[in-house]
Protein chains: 2
Amino acid sequence: MNPHIEILFIGTELLTGKLNTHIVYFGEQLAALGLPPALAITVGDDRATMGGVFQEAIRRSDVLICTGGLGPTFDDLTVEVMAQVLKRRLVFQPAILRKIQQRFVTRGIPMPEENRRQAYLIEDATPIPNRVGTAPGQLLDLPRRGTLIALLPGPSSEMEPMAEQALFPLLRRRFRPPATVSLTLRVAGQPESAVDERIQPVREAIPLPRTQAIQFGILAHHAVIDVKVTIQGPSPHSVARTLQVIRRRFRQALGADVFGEDGDTLEGVAGAWLAKHHKTLAVAESCTGGLITHRLTNIPGSSRYLLEGIVTYSNRSKERRLGVSRRSLAAWGAVSEPVARAMAAGIRRRAQTDYGLSVTGIAGPTGGSQAKPVGLVYIGVTGPRLTQTWRFQFSGNREDLKTRMATAALDCLRRHLLGV
Amino acid sequence: MNPHIEILFIGTELLTGKLNTHIVYFGEQLAALGLPPALAITVGDDRATMGGVFQEAIRRSDVLICTGGLGPTFDDLTVEVMAQVLKRRLVFQPAILRKIQQRFVTRGIPMPEENRRQAYLIEDATPIPNRVGTAPGQLLDLPRRGTLIALLPGPSSEMEPMAEQALFPLLRRRFRPPATVSLTLRVAGQPESAVDERIQPVREAIPLPRTQAIQFGILAHHAVIDVKVTIQGPSPHSVARTLQVIRRRFRQALGADVFGEDGDTLEGVAGAWLAKHHKTLAVAESCTGGLITHRLTNIPGSSRYLLEGIVTYSNRSKERRLGVSRRSLAAWGAVSEPVARAMAAGIRRRAQTDYGLSVTGIAGPTGGSQAKPVGLVYIGVTGPRLTQTWRFQFSGNREDLKTRMATAALDCLRRHLLGV
């Protein structure tokens, strides 16, 4: 029997238009653990509403995870309200205060008096250290009611390490969920419906042992499609075997359009190839405005292979920095196959790298024409043996277009490097 | 007195990793109406859990908005479970069935038997026509408990027109919400607790007419702090006047650390100044890896002032592309004040722009030392009359650091341009 798990998200901003990404994080992580949540509740920074919600949630839950409201300011009420609901005292922790003070010393600024509030724990709570920010998390076991309560801070960079280091291992030990494995195949360069059509016959022919349960999902974000499979069963060995069968068949159906699994990214896959083969890359961007280089440099260690990125937004910069000829720009226009080709060759030559990647297109909202509409993009990749160019037409607003174009460019780079 | 409004999102996928964008939609729409929701609850397609949640929500709420679970398949349970909880019958509606059948005729495919389920209304419910899909919405008044229940379909393209045509006008008529105005002041370059400390005396001395209610919020995302004020009162004129007083006093307290309001961004504010004064900018990035240029180019029309961005990740690229001297790099190291200064001067000279912005730092996870730890960054801005440099020490993972460093750089640029 699965435990009843609830997640509470605390913060008025989450009820007045701010996107809640924590629910995606916990949904994925807890489902992968084999312990999906039963309810997720968002409540504003309001003492009375929070109190009522806490009380009801504790009554229903085996596990209650609260995020947010641990900050130093007046509207951060989680610890205080939870202590009231549980009729427990707040206990000042000098050791925690010293850590908070230390954090301000490192930053070279005096600690505001408000931050003292973050040095209080609910009676009997175990602190979870915060390696990024000031507020510690708190873990609290209510033995009589049998509820485990976790209080975690709102910012993802603080909350996720705490959940992964302290909370999830504890849940796994305590509830021993059924063996669960899941796999996400990441696909680029295809629309969602086309991916769905190609996997459907495979999905319907999976030979599933009767003791196992399987769940499929397909999710599009910008130009990447995720195909997700989750399998539960009595033994880790048996579910892993089923997953291998599915992985093999799905990969057969989707071929080189699959660029990776689970947390893989296009920039990570292309970067890993460059690092492994000791090759170097330089990037010349126009419409994507630095986004491709930004994504490539998100990968730790990318300084070994990414030597240079340049955003040549103006024609003059394309001439001076990349050696694109004024004649090509005049004859074909900046958004054209010959200019993409010349930009890739130019950045490779000037930065003296093994590979050059270029993008030129129209991100809008203005600057489009009938012949060259907003969303049109040319991508060039050149290397020691081969130069390739691609043409795509995307739709969306300016930021969507930049994302789709950058994803397409990184996928073209991957296909060029891997020869697929 | 505001009505207690709750929103229920129904669908197992929303608890296992699918992003819920409806909560953003309702949050924005209802807050703008002056009727912000008190709670938002996500529940899976499970009969028992849904039943319990419905019952409790009806008890608490003046208005209960449910989305999802109106589809034709076995796991669409909203109408059935709600009827059970309310102890009401389901009534077959031949007119609705005819509309559903008509939709399939238009698409040229036979209606699956499953879709008959969508032609049932809860006793006494008013249907809301669906112009896009098959499931009608349902509106139900519970006079004894004083609760208004709205059942809406899950897909945004079906749900949003129903909410806008049937639900929101009804809420406005019924609850005559008070006039509502809100303002967000956006602050950069300060920790959240310091901002809080500076606005506290102002907040506590606001001269508020007794007929008005005020709400404050403060929210940190990476290096930007949002101070939000919402005022409700009987007349649009009076709340607007209070807002002006608060805006003036908060701006006095926070000074030039406020870079804008509501949807303003640092890149937008700096860009608007450049566009207005017909000045140009080029950017030389190291550790931020293109993120600054990406953010600057998110602004439509940025091609008028942003002539070039370059990511000089390697020392050689700093020498060749920016003219930073080998001697400086050897004497001070790439992450140093003199190199930040030389990079800013170099990009300004080579790109022939009015202003040059540079960033050099350590984004980690490796590459730090005791003297120059991960998170250290130098920022340089140079223009026709003045060169300025800044030093910051941030903490966080690689992507957090890139974001904080880029935000700091854009704020330094803003302060340099505006002379504040």
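## Things to note about the overall build of chain A
Counting its secondary structure elements, chain A contains 13 helices and 17 strands. Along the three orthogonal principal directions, the C-alpha set of chain A runs to about 80 × 60 × 40 Å. Counting across all 420 residues of chain A, residues that qualify as buried make up 49%. Sequence-distant contacts in chain A: of pairs separated by 6 or more residues, those separated by 24 or more amount to 67%.

## What to know about helix α3 (residues 78-86) of chain B
All names here are of chain B. The complete set of buried residues in α3 reads Thr78, Val79, Val81, Met82 and Leu86. Its buried side turned inward, α3 meets β1 (5-10), α2 (47-60), β3 (63-67), β4 (90-92), β5 (120-122) and β8 (147-152). Just downstream of α3 lies Lys87, where phi reads positive at about 55°.

## Looking at the sheet that holds strand β15 (residues 355-361) of chain B
With respect to topology, 10 strands assemble into an open sheet ordered β17(A)-β16(A)-β15(A)-β13(A)-β14(A)-β14(B)-β13(B)-β15(B)-β16(B)-β17(B), the strand pairing being mixed. Because the sheet does not close on itself, it has two edges, and the strands there are β17 (387-393) of chain A together with β17 (387-393) of chain B. Shown here is a sheet whose adjacent strand axes are inclined to one another by a mean of 10°, direction ignored. Running over the sheet, helix α12 (residues 337-351) of chain A touches β13 (281-285), β14 (306-312), β15 (355-361), β16 (376-382) and β17 of chain A and is turned about 145° from β15(A).

## Topic: the pairing of strand β7 (residues 137-142) of chain B
Residue and element names in this part refer to chain B. With three bridges joining them, strand β6 (residues 126-128) and β7 adopt antiparallel strand pairing. Across the sheet, residue Thr126 finds its bridge partner in β7, namely Leu139. Looking at chain direction, β7 and β8 are connected through five bridges and run antiparallel. Bridge assignment links Gln138 to a residue of β8, and that residue is Leu151.

## Let's talk about the sheet that holds strand β10 (residues 213-221) of chain A
All names here are of chain A. The strand order β10-β11-β9-β12 describes an open sheet built from four strands, whose pairing is antiparallel. Only two strands of the sheet have a single neighbouring strand rather than two, namely β10 and β12 (258-261). Adjacent strand axes in the sheet meet at a mean angle of 20°, parallel and antiparallel pairs treated alike. As paired elements, β10 and strand β11 (residues 224-233) share nine bridges and run antiparallel to each other. Counterpart to Ala213 in the pairing with β11 is Gln232. In the packing of helix α7 (residues 236-254) onto the sheet, the strands contacted are β9 (179-188), β11 and β12, and the crossing angle to β9 comes to about 15°.

## Quick notes on the nonpolar core
By size, the foremost hydrophobic cluster in this structure holds 138 residues, and its most contacted members are A:Ala409 and B:Ala409. With 95 residues, the next largest nonpolar core counts B:Ile65, B:Val81, B:Ile122 and B:Leu171 among its residues.

## Focus on the interface of chain B and chain A
Tallying the contact residues gives 63 residues for chain B and 64 residues for chain A. Ranked by residues supplied to the side of chain B that touches chain A, first place goes to strand β14 (residues 306-312) of chain B with seven residues. The residue inventory of the side of chain B that touches chain A, partitioned by class, reads 26 nonpolar, 25 polar and 12 charged. Relative to strand β2 (residues 39-43) of chain B, strand β2 (residues 39-43) of chain A is paired through five bridges, and the arrangement is antiparallel. Each bridged residue has a counterpart across the sheet, and for A:Ala40 the counterpart in β2(B) is B:Thr42.

## Structural notes on the packing of helix α6 (residues 192-204) of chain B against helix α7 (residues 236-254) of chain B
All names here are of chain B. Put simply, α6 and α7 touch, their axes get as near as 9 Å, and they point 135° apart. Between α6 and α7, the crossing angle belongs to the class labelled oblique. The chirality of how α6 crosses α7 is right-handed. Only Arg249, Phe250, Ala253 and Leu254 of α7 make contact with α6, whose side of the interface consists of Val195, Arg198, Ile199 and Val202.

## Points about the environment of A:Ile218
When you line up the elements, A:Ile218 lands in strand β10. In contact with A:Ile218, other than residues within four places in its own chain, are A:Glu192, A:Val195, A:Asp196, A:Ile225 and A:Val227.

## Considerations on the environment of B:Leu86
With respect to the secondary-structure elements, B:Leu86 resides in helix α3. Placed 36 residues apart in sequence, B:Leu86 and B:Ile122 show a C-alpha to C-alpha distance of 9.2 Å.

## A closer look at the domain arrangement of chain A
All names here are of chain A. Split into domains, chain A comes out as domain 1 (5-175), domain 2 (179-261) and domain 3 (266-418). For domain 2 versus domain 3, the distance between C-alpha centres works out to 32 Å. When its residues are assigned to classes, the side of domain 2 that touches domain 3 shows four nonpolar, three polar and no charged.

## Section: the packing of helix α1 (residues 22-33) of chain A against helix α5 (residues 156-175) of chain A
All names here are of chain A. One can describe the packing of α1 onto α5 by two numbers: an axis separation of 12 Å at closest approach and a directional angle of 30°. Considering their axes alone, α1 and α5 lie roughly parallel with respect to each other. Seen along the crossing, α1 lies across α5 with a hand that is right-handed. Here His22, Tyr25, Gln29 and Leu33 of α1 come into contact with α5, specifically with Met159, Glu160, Ala163, Phe168, Leu171 and Arg172. Of the residues assigned to the contact of α1 with α5, the class counts are six nonpolar, two polar and two charged.

## Here we look at unusual backbone geometry
Residue A:Gly364 is joined to A:Pro365 through a cis peptide bond whose omega torsion reads 5°. Residue position: A:Pro365 is located in the loop between β15 and β16. In this structure, B:Arg176 is a non-glycine residue whose phi angle is positive, near 35°. A residue is classified by how many C-beta atoms lie within 10 Å of it, and B:Arg176, with 8 of them, is exposed. Of note, the phi angle at B:Asp262 is positive, near 50°, even though the residue is not glycine. For B:Asp262, the location among the structural elements is in the loop between β12 (258-261) and α8 (266-276).

## A word on α6(B)
Residues and elements named next belong to chain B. In this model, α6 (13 residues) spans 18 Å end to end at C-alpha, consistent with the 18 Å of a helix rising 1.5 Å per residue. The axis of α6 is deflected most strongly, by about 35°, at Arg198, and proline Pro201 appears within four residues downstream. Residues of α6 that are buried include every one of Glu192, Ser193, Val195, Asp196 and Ile199, and no others. Buried residues along α6 sit against β9 (179-188), β10 (213-221), β11 (224-233) and α7.

What counts and what doesn't
- Residues numbered from 1 in each chain as written.
- Chains lettered and ligands numbered in written order.
- Predicted model: local features only at pLDDT ≥ 70, side-chain atom pairs only at ≥ 80, totals over all residues.
- Helix = DSSP H or I, 4+ residues; strand = E, 2+ residues; numbered from the N terminus.
- Buried ≥ 20, exposed ≤ 12 C-beta atoms within 10 Å, placed from the backbone.
- Contact = placed C-beta atoms within 7 Å.
- Pairing = 2+ DSSP bridges.
- Axes fitted to C-alpha atoms, helices over the stretch in contact; angles between N-to-C directions.
- Core = buried A, V, L, I, M, F, W, Y, C linked by C-beta atoms within 7 Å.
- Nonpolar A, V, L, I, M, F, W, Y, C, P; charged D, E, K, R; others polar.
- Parallel < 35°, antiparallel > 145°, perpendicular 65-115°, else oblique.
- Left-handed = near helix turned anticlockwise from the far one by under 90°.
- Domains from an automatic or database assignment.
- Expected span 1.5 Å × (residues − 1).
- Bend = angle between axes of the 7 residues up to and from the residue.

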